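# Results of the structural survey
The residues making up each chain are set out below.
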Amino acid sequence: MTDAMSGLEVGQLAPHFTLRDQNGSDVSLADHLGRRNVLLVFYPWAFSGICTGELTEIRDDLGRFVSEDVQVLTISCDAMFSLRAYADRDGYFFPLLSDVWPHGQVAKAYGVFDEKAGVARRGTFLIDREGVIRWSLVTGIGERRDFSGYHTAMSHA
């Protein structure tokens, strides 16, 4: 059993999902399996300070996050239309996926849904081409994550 704060563990199979992105298109984990690794980034709220800082870090250093080998997918419990406004305002061109209904279903599957707040914790999972979690980091809602562990994990992949 996984600690509620830690999310899924390294070595576990990543749960499959299909969610709508900020443009209304369905995006599935399966779309990328067999072709590239996926960096899955859960965050609590669009338009909030820490979340904006983290997604801006990804946007501003996109080459270190997205390549032929890796696709970034971000997930929050915000509605698709909110995510579209968020992406348009801040220039996010990577997928912002809506886990709004059933509320937090994917965050729950990954063990990062905060029942009290009704949002995802800051869960980050590197999933390999076979769908196995190879690195993870889960922090609290108000705690900014450090992506350096991801960069280290990718340098050893």
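For the structure itself, look to the data block above.
Now for a look at the structure at hand.

Thresholds, definitions, all that
- Residues numbered from 1 in each chain as written.
- Predicted model: local features only at pLDDT ≥ 70, side-chain atom pairs only at ≥ 80, totals over all residues.
- Heavy atoms only, no water.
- Helix = DSSP H or I, 4+ residues; strand = E, 2+ residues; numbered from the N terminus.
- Expected span 1.5 Å × (residues − 1).
- Buried < 20%, exposed > 50% of the residue type's maximum accessible area, 1.4 Å probe, protein only.
- Contact = heavy atoms within 4.5 Å.
- Axes fitted to C-alpha atoms, helices over the stretch in contact; angles between N-to-C directions.
- Parallel < 35°, antiparallel > 145°, perpendicular 65-115°, else oblique.
- Left-handed = near helix turned anticlockwise from the far one by under 90°.
- Lys, Arg positive; Asp, Glu negative; His and termini not counted.
- Salt bridge = Lys/Arg side-chain N within 4 Å of Asp/Glu carboxyl O.
- Polar contact = N/O pair within 3.5 Å; in protein donor to acceptor, adjacent residues only side chain to side chain.
- Pairing = 2+ DSSP bridges.

### Quick word on helix α1 (residues 49-60)
An α-helical turn contains 3.6 residues, so a residue and the one three or four places further along point in the same direction. Taking 1.5 Å per residue, 12 residues should reach 16 Å; α1 reaches 16 Å between its end C-alpha atoms and fits that length. Buried within α1 we find Cys-51, Thr-52, Glu-54, Leu-55, Thr-56 and Ile-58. Contacts from the buried residues of α1 go to β3 (37-42), α2 (62-65), β4 (70-76), α3 (80-90), β5 (96-98) and β8 (122-127).

### Topic: the packing of α1 against α3
Following both chains from N to C, one finds α1 and α3 inclined at 60°, their axes separated by 12 Å at the closest point. As far as their axial angle goes, α3 and α1 are oblique. The handedness of the crossing between α1 and α3 comes out as right-handed. Two secondary-structure elements touch here, α1 through Cys-51, Thr-52, Leu-55 and Arg-59 and α3 through Tyr-86, Arg-89 and Asp-90.

### Observations regarding the side chain of Asp-99
With respect to the secondary-structure elements, Asp-99 resides in the loop between β5 and α4 (105-109). Of the side chains with opposite charge, Lys-108 lies nearest to the buried Asp-99, which makes no salt bridge, at 8.3 Å. Of the polar contacts made by the side chain of Asp-99, one reaches the backbone nitrogen of Ala-107; its length is 2.9 Å.

### What to know about unusual backbone geometry
Each neighbour pair has its own omega, and for Trp-101 with Pro-102 the value is -10°, a cis peptide bond. Of note, the phi angle at Phe-47 is positive, near 75°, even though the residue is not glycine. Tracing the chain through its elements places Phe-47 in the loop between β3 and α1.

### Some remarks on the pattern of salt bridges
Here the structure, examined in full by the defined rule, presents 9 salt bridges. Its salt-bridge partner being Glu-54, residue Arg-145 comes within 2.9 Å of it at the nearest N-O pair. With a gap of 91 residues between them, Arg-145 in the loop between β9 (133-139) and α5 (148-155) and Glu-54 in helix α1 connect regions that are remote in the sequence. Both residues of the pair, Arg-145 and Glu-54, count as buried. Measuring nitrogen to oxygen at the nearest pair gives 2.8 Å for the salt bridge that ties Asp-60 to Arg-59. Its relative accessible area of 29% is what places Arg-59 among the partly exposed residues. One network of salt bridges, in which partners are shared, links Glu-54, Arg-122 and Arg-145.

### Overview of the environment of Lys-108
The topology assignment puts Lys-108 in helix α4. In the structure, Lys-108 is positioned 101 residues away from Gly-7 in sequence and 8.9 Å away in space, judged by C-alpha atoms. Not counting the four nearest positions on each side in its chain, Lys-108 is found in contact with His-103, Phe-113 and Glu-115.

### Looking at the pairing of β8
Counted residue by residue, β8 has 6 buried out of 6 residues, so it is predominantly covered. Across the two faces of β8 the burial is the same, with Arg-122, Thr-124 and Leu-126 and Gly-123, Phe-125 and Ile-127 all buried. Sheet analysis places β3 next to β8, joined by 4 bridges and oriented antiparallel. Paired with Leu-39 across the bridge in β8 is Leu-126. Bridge count for β8 against β9 is 6 bridges, and the pairing is antiparallel.

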